[in-house]
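These are the residues of each chain, in order.
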Amino acid sequence: MLKTKTITRKTSTKGDHYSKILIERKKEKMDKFVRDLAKRYDTRLTTILKVEDLFKKHIEFDSRSHLARELRGSIKPSALNTIIARLVYDNKVLYNDDHSLTWIDTKGNTKLNKEFRKAVEI
């Protein structure tokens, strides 16, 4: 008789916690979460603007790692997580159930506004 061994994979609860808070978008949790991240990882305004400009250009990313690849390693993962959390909190980015990221802030986003003008009204 052939014996089989069950392999269990340990999942990262830290990443799951991050994703869960961003997907839920509850203001009270988000506020505390963003403030804690900001205390731990000081992010500069130029870095935040770099991420916002990239979102305005591409509108959507498949994942955080996709966004990080587009930034070509110029931002530490901890700083990028802090920026994403703040953008979700400010209702500029939507963190979707599939962990993709979508830019939803229409102010100053000509590409997105152009798409809205072309959309068919329901």
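Residues numbered from 1 in each chain as written. Predicted model: local features only at pLDDT ≥ 70, side-chain atom pairs only at ≥ 80, totals over all residues. Heavy atoms only, no water.

A.B. asks: What is the right way to look at helix α2 (residues 27-40) in this model?
C.D. replies: Here α2 spans 20 Å end to end across 14 residues, near enough to the 20 Å set by a 1.5 Å rise per residue. Burial in α2 covers these residues: Met30, Phe33, Val34 and Leu37. All buried residues of α2 lie within an arc of 95 degrees about the axis, which places them on one face of the element. Across from the buried face of α2, at angles greater than 90 degrees, the exposed residues are Glu28, Lys32, Arg35 and Lys39. (Helix = DSSP H or I, 4+ residues; strand = E, 2+ residues; numbered from the N terminus. Expected span 1.5 Å × (residues − 1). Buried < 20%, exposed > 50% of the residue type's maximum accessible area, 1.4 Å probe, protein only. Arc of directions from axis to C-beta.)

A.B. asks: Which parts of the structure should I look at to understand the sheet that holds strand β2 (residues 93-95)?
C.D. replies: Two modes of strand pairing occur in sheets, parallel and antiparallel, and in both the strands are linked by backbone hydrogen bonds. One open sheet holds the three strands; their spatial order is β1-β3-β2, and the pairing between them is antiparallel. Each edge of the sheet is formed by a strand with only one pairing partner; in this case those strands are β1 (60-61) and β2. Pairing of β1 with strand β3 (residues 101-103), which is carried by two bridges, proceeds in the antiparallel orientation. For glutamate 60, the partnering residue across the bridge sits in β3 and is threonine 102. Running over the sheet, helix α5 (residues 77-89) touches β2 and β3 and is turned about 105 degrees from β2. (Pairing = 2+ DSSP bridges. Contact = heavy atoms within 4.5 Å. Axes fitted to C-alpha atoms, helices over the stretch in contact; angles between N-to-C directions.)

A.B. asks: Even after reading the chapter, I still don't get unusual backbone geometry, so can you show me in this structure?
C.D. replies: What you tend to see is this: most non-glycine residues have negative phi, and most peptide bonds are trans. Here arginine 72, not a glycine, exhibits a phi torsion of approximately 55 degrees, which is positive. Assignment of secondary structure puts arginine 72 in the loop between α4 (64-70) and α5.

A.B. asks: Which parts of the structure should I look at to understand the environment of lysine 92?
C.D. replies: Along the polypeptide, lysine 92 turns up in the loop between α5 and β2. Sequence-wise, lysine 92 and phenylalanine 55 are 37 residues apart; in three dimensions their C-alpha atoms are separated by 9.6 Å. Sequence-distant contacts of lysine 92, defined by excluding residues within four places in its chain, comprise Glu52, Leu87, Thr102, Trp103, Ile104 and Asp105.

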